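Secondary and tertiary structure notes
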Amino acid sequence: MNGRVLRRAGVAAAIVLVALAPLVLGKFAVSLLNDIGIGALVALGLVLLTGIGGATSFGQAAFVGVAAYATAWLTTAHGVSPWLGLVFALALTGLAALAIGVLTLRLGGHCLPLSTIAWGISIPLLFGNLDALGRHTGLSGIPPLQIGPWRLLEPRAIYYLIWAGVGGACLFSRNLLHSRAGRAIRSLRGGATLLASVGADAFGVRLALFVTAALLAGFAGWLYAHMNRFVSPSPFDVRASIEYLLMVVAGGLGQVAGAIVGSGLVLLLKNSLQDVLPLLSQRGARLEAVAFSIIFILLLHHARAGLTGFVARWGRQRFADRIEPAHDEAAEPLPRRPMPERGSELLTVVHAVKRFGGLVAVDDVSFDVRAGEIVGLIGPNGAGKSTMFNLLTGTLRMTSGQVRFAGHDITGLAQRKIARLGIARTFQHVKLRPRMNLLDNVALGAHARGRAGVLRAGLRLERREERQIAAEARRQLERIGLGGRAHELAGSLPLGTQRILEIGRALAADPVLLVLDEPAAGLRRAEKEALAAMLRRLRSEGVTILIVEHDMDFVMKLVDRLIVMDFGSKLVEGVPAAVRADPRVQAAYLGGSPEPYPANPEAAP
Ligand code: ADP
Ligand code: MG
């Protein structure tokens, strides 16, 4: 039995259990399962937002509240159908999340979680102070849901709607995570620079994720209001938000199923604590908060992966080698961009300057690169080569100077826009997603070649495009010699191979200009030769390459032209033989480089 079959069997068993449960359980247990289902919907949003996207929200219960109050108010004050209430609730929750997201998601570090506490507190306060919302007494007399002739009054009746919702939401999330948008979401923790290097906008991705999580909370809030038929502010306060976070931590931060498991664990525990604590002390309710805090801290310290995390790791260890790569049905290749005419002017850097405070890292450097060339940028450590690459890819802003690329003035243009024009890069310090497999890492590079967003991905309406991207990623993996290892995790590769994988990701963008920062570092000799052969092949296909490399033998044999930098300035430029003979270059290298040239023993022709 392989992992895929086991997983499917697990899901099928879970569906059967969920379907049969109300037939054998009593009313109280079914009510508890309803609460667990509603909690799971909110927790699912947090799995995506916090567990996978890395943005902690202490205010998720407020979104549940916005939706619950929205439908409660509309259906009681205006007597409309709860289904209209659903539309209104989701619209209001989505808009609230959009507004809050635009205001807060750019905040870095701890500012974002702190700001979530602020709105997590203030929104429920608002509920408690608006006359139209019944102040602290809340709103009652909310109509039950009705599907055709069935009024979902009984816990058993609404049970199936709730759990169908949970199933649908899990499926949506799973589809989303295995899509173009999902790869971007899973890469958020890798930083904005990584995403921008593949043409994605980290802020936009995070905002879409934030709204998605809020809509899941909103759906839960709508169910909550029509199940309990009464709303008041307290179930939506910060304490409730923290409970939702606890669910995600207990269930498994990175797993869709963790939302259900976590909601079950926390609500069952809460229930038993409510039975037990009053026996120990009269202040049972307060003790509950203490008990939860202790459990929270213990989990964060000792079991960050949560329950499903353990299961997933066990499954991977046992079955990873047996997972059959899914073969994509023949997919039409992604469209390619036109290559510039060989020898035409492609990249022009004019008087580039970059200052870091008092340090001038790049000092008035000008050069150009013609289409179809391989140009090497060399120089001792600290010469300013990586900084130069960061300037021309838009990763860093230039202090002064100009860069033109393929007829566009790209000076000061956003990094992701430059990437979309056809400059793909690798990083001196690799930026891969270690917990994503090789295929997904490379497919991330093709981000700008697809269009489908969160909604289409979740509903699986983008399968054609996704197959094309997967096929492209496979092709690039073959090209870099890692075709057989598509399903291994990137983090398990040796560092040298990770650099090669980054080249694969860059190639998936269908680049006009490939910018490689020390791609051969950490490679063995045979691997370096394979890399050089691949880069020559790319050149013959019309790709232009700009490369920083310390291995002189490698560089001299590969490049058409060399630019030498030293102390931020351009020292020399020319064909390898001329540069090699230049006394200034020899002086610069003998003056402190870790790898002096031409004393390299491998350099002999
Ligand atoms: P190279 O890639 O040629 O080894 P770098 O471009 O990385 O050199 O660095 C050039 C100089 O700029 C170094 O002195 C380095 O310390 C400095 N530098 C690079 N990036 C930054 C930064 N973000 N902030 C401050 N100084 C930097
Ligand atoms: Mg460098």
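Residues numbered from 1 in each chain as written. Chains lettered and ligands numbered in written order. Predicted model: local features only at pLDDT ≥ 70, side-chain atom pairs only at ≥ 80, totals over all residues. Heavy atoms only, no water.

1. Describing the packing of helix 2 (residues 27-52) against helix 9 (residues 202-228)
The angle between the axes and the distance between the axes are what describe a pair of packed helices. Rules: All axes are obtained by fitting lines to C-alpha atoms, using only the stretch in contact for helices, and the reported angles, taken between N-to-C directions, cover 0 to 180 degrees. Put simply, DSSP marks the helices as runs of H or I at least four residues long and the strands as runs of E at least two long, and each gets a number from the N terminus on. Between 65 and 115 degrees an angle is taken as roughly perpendicular, under 35 as roughly parallel, over 145 as roughly antiparallel, and anywhere else as oblique. Pairs of residues are marked as contacts when any of their non-hydrogen atoms sit within 4.5 Å. Put simply, Ala, Val, Leu, Ile, Met, Phe, Trp, Tyr, Cys and Pro go in the nonpolar bin, Asp, Glu, Lys and Arg in the charged bin, and everything else, Gly too, in the polar bin.
Closest axis-to-axis distance for the helix 2/helix 9 pair is 8 Å, and the angle between their directions is 170°. In terms of orientation, helix 2 and helix 9 fall into the roughly antiparallel class. Only L209, F210, A213, L216, A217, F219, A220, L223, Y224 and M227 of helix 9 make contact with helix 2, whose side of the interface consists of N34, D35, I38, L41, V42, L44, G45, L48 and L49. Tallied by class, residues from the contact of helix 2 with helix 9 come to 16 nonpolar, two polar and one charged.

2. Topic: the site of ligand 1
As a reminder, the rule being used: Definition of nearness: a residue and a molecule or strand are near each other if at least one heavy atom of the residue lies within 4 Å of the molecule or strand. Polar contacts, as counted here, are pairs of nitrogen or oxygen atoms within 3.5 Å of one another; within protein the pair requires one atom able to donate a hydrogen and one able to accept it, and residues that are adjacent in sequence qualify only if both atoms are side-chain atoms. The Shrake-Rupley method, run with a 1.4 Å probe, gives the accessible areas here. Residue values count only the displayed protein chains as cover.
The immediate surroundings of ligand 1 are formed by F356, L359, A361, P380, N381, G382, A383, G384, K385, S386, T387 and Q428. At 2.8 Å, a side-chain N or O of S386 approaches an oxygen atom of ligand 1. The fraction of the free accessible surface of ligand 1 (560 Å²) that becomes covered by protein chains is 60%. Listed by contribution, the elements that provide at least two residues to the shell around ligand 1 are strand 6 (359-370) and helix 14 (385-392).

3. Observations concerning the confidence of the model for the protein
Rules: pLDDT runs from 0 to 100 and stands for how confident the predictor is about each residue.
Overall, the predicted model of the protein reaches an average pLDDT of 89, with 94% of residues at or above 70. Residue range residues 321-325 is modelled with pLDDT below 50. Its contacts to residues more than four positions away, or to other chains, number six contacts. Counting interchain partners and residues more than four positions distant, the pLDDT-below-50 stretch residues 592-605 has 20 contacts.

4. Brief notes about the nonpolar core
The test is simple: For the purposes of this section, nonpolar cores are sets of buried Ala, Val, Leu, Ile, Met, Phe, Trp, Tyr and Cys residues that join through side-chain atoms within 4.5 Å. Residue burial is assigned from relative accessible area. The probe radius is 1.4 Å, only protein chains are included, and a residue is buried under 20% of its type maximum, exposed over 50%, and partly exposed in between.
Residues F63, I162, F210, L223, V231, F236 and Y244 are the most contacted members of the largest nonpolar core, which totals 97 residues. Leaving out residues up to four positions away in the same chain, F210 has contacts with L49, F63, A97, I100, G101, L105 and W119. By size, the runner-up hydrophobic cluster in this structure holds 49 residues, among which are L439, A532, V555 and V564.

5. Points about the coordination of the magnesium ion (ligand 2)
Operational definition: Any nitrogen, oxygen or sulfur atom within 2.8 Å of a metal ion counts as a donor, with the limit raised to 3.2 Å for Na, K and Ca, and since water is left out, coordination shells can look unfinished.
At this site the magnesium ion (ligand 2) is bound by S386 (OG) and Q428 (OE1), with donor distances of 2.0 Å. Of this pair, S386 sits in helix 14 while Q428 is found in the loop between strand 10 (423-425) and helix 16 (438-445), placing the two residues 42 residues apart along the sequence.

6. Some details on the pattern of salt bridges
Quick note on the threshold: A pair is scored as a salt bridge if a Lys or Arg side-chain nitrogen falls within 4 Å of a carboxyl oxygen belonging to Asp or Glu.
The tally for this structure, following the rule as stated, stands at 23 salt bridges. Among the ionic pairs, E154 bridges to K27, the shortest N-O distance being 3.9 Å. Of this pair, E154 sits in the loop between strand 3 (150-152) and helix 6 (155-177) while K27 sits in helix 2; the two residues are 127 residues apart in sequence, bridging distant segments of the chain. Across the pair R505 and E502 runs a salt bridge whose closest N-O atoms are separated by 3.1 Å. One end of the pair is R505 and the other is E502, both in helix 19 (residues 495-507) and three residues apart, which spans about a single turn.

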